[in-house]
Amino acid sequence: MILKLHNVTRIHGEGHTRVAALVNAKLSLDRGELVAVMGPSGSGKSTLLALAGGLDQPTAGKVFVDDVDLATLSVAARAALRRRRIGYVFQQYNLIEGLTAAENVSLPLELDGISHRIATQQALQALDRVEIRELADRFPEELSGGEQQRVAIARAIVGTRTLLLADEPTGALDTTTGETVLQVMRRHCEMGGCGILVTHDSRLAAWADRIVFLRDGRIVDEANEWDSPATLLATVQ
């Protein structure tokens, strides 16, 4: 099991400003799994991603990544685990304009102390996995939106990273290009990784093995690949 959230609650503020962003959430991901998280704005989707990736800490409950309780790690050790095991993909590609695709992908490795030669090799391997190795020397402005998002995914899975966390990664893309990005994420999981996809689009959520629905910080329903995402989404809104 790569990720486990056990009875996780996240409270912001105190007294009359107290807000429960996530309440008693339970979620586990094994290798090979892609899980979609859906729900209205403010339902806790981004909070769930932040906790799963160790960017925030729960008020109660525990988060495990590769069987390691994140709460037992120092700030430095938690940051190291994020760099080496967890990748993030967002709606905005966040690529550095002055770097090529390969340089954008290799940068996190080099910042972690890996030599330029090895980091470049691993970056090219990651670009190969997302099927754009031939674009390694292109700058972001020379790439389409879909190609830039593939570079962002390559950066998220480069090296030993297995857990992929994606927050509306297709929001800036047309439907066809968005589905291509989902194919890339699906392939990452089939190669032994796993991923969480936050999306409002039930057609894209259908690429997942499971769909988790959030409302008011609580997981209110879950569907597997045999259910109808659109139908179940309508029942929990």
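The structure this text deals with has already been given above.
Residues numbered from 1 in each chain as written. Predicted model: local features only at pLDDT ≥ 70, side-chain atom pairs only at ≥ 80, totals over all residues. Heavy atoms only, no water.

(A) Geometry of the sheet that holds strand β2 (residues 19–29). One open sheet holds the 4 strands; their spatial order is β2-β1-β4-β5, and the pairing between them is antiparallel. In this open sheet, the two edge strands, each paired with only one partner strand, are β2 and β5 (68–69). Taken together, the 2 bridges between strand β4 (residues 60–65) and β5 define a ladder with antiparallel strand orientation. The residue of β5 that forms the bridge with Val65 is Val68. (Pairing = 2+ DSSP bridges. Helix = DSSP H or I, 4+ residues; strand = E, 2+ residues; numbered from the N terminus.)

(B) Representation of the sheet that holds strand β10 (residues 218–224) in the model. Strand order in the open sheet formed by 6 strands is β6-β7-β8-β3-β9-β10, and the pairing between neighbours is mixed. Edge positions in the open sheet fall to β6 (86–90) and β10, since each of these has one partner strand only. Pairs of neighbouring strands in the sheet enclose a mean axial angle of 20°, with direction left out of account. Here strand β3 (residues 34–38) pairs with strand β9 (residues 210–215) via 4 bridges, running parallel. Residue pairing across strands places Ala36 opposite Ile211, the latter belonging to β9. Its contacts with the sheet put helix α6 (residues 175–190) on β3, β7 (163–167) and β8 (194–198), and the angle it makes with β8 is roughly 150°. (Axes fitted to C-alpha atoms, helices over the stretch in contact; angles between N-to-C directions. Contact = heavy atoms within 4.5 Å.)

(C) Representation of empty space enclosed by the protein in the model. Tallied over the full model, the rule gives 1 cavity of 30 Å³ or more. By volume, the largest cavity amounts to about 30 Å³. In this structure, the largest cavity is lined by Arg129, Val130, Ile157, Val184, Arg187, His188 and Met191. A total of 3 residues in the lining of the largest cavity trace back to one element, the largest contributor, which is α6. Each residue belonging to the lining of the largest cavity can be placed in one class, and the counts come to 4 nonpolar, 1 polar and 2 charged. (1 Å grid on protein atoms, 1.4 Å probe; cavity = no way out; pocket = protein on both sides within 12 Å on 5 of 7 lines; lining within 4 Å. Points joined across faces, edges and corners; volume = space filled by probe spheres on them. Nonpolar A, V, L, I, M, F, W, Y, C, P; charged D, E, K, R; others polar.)

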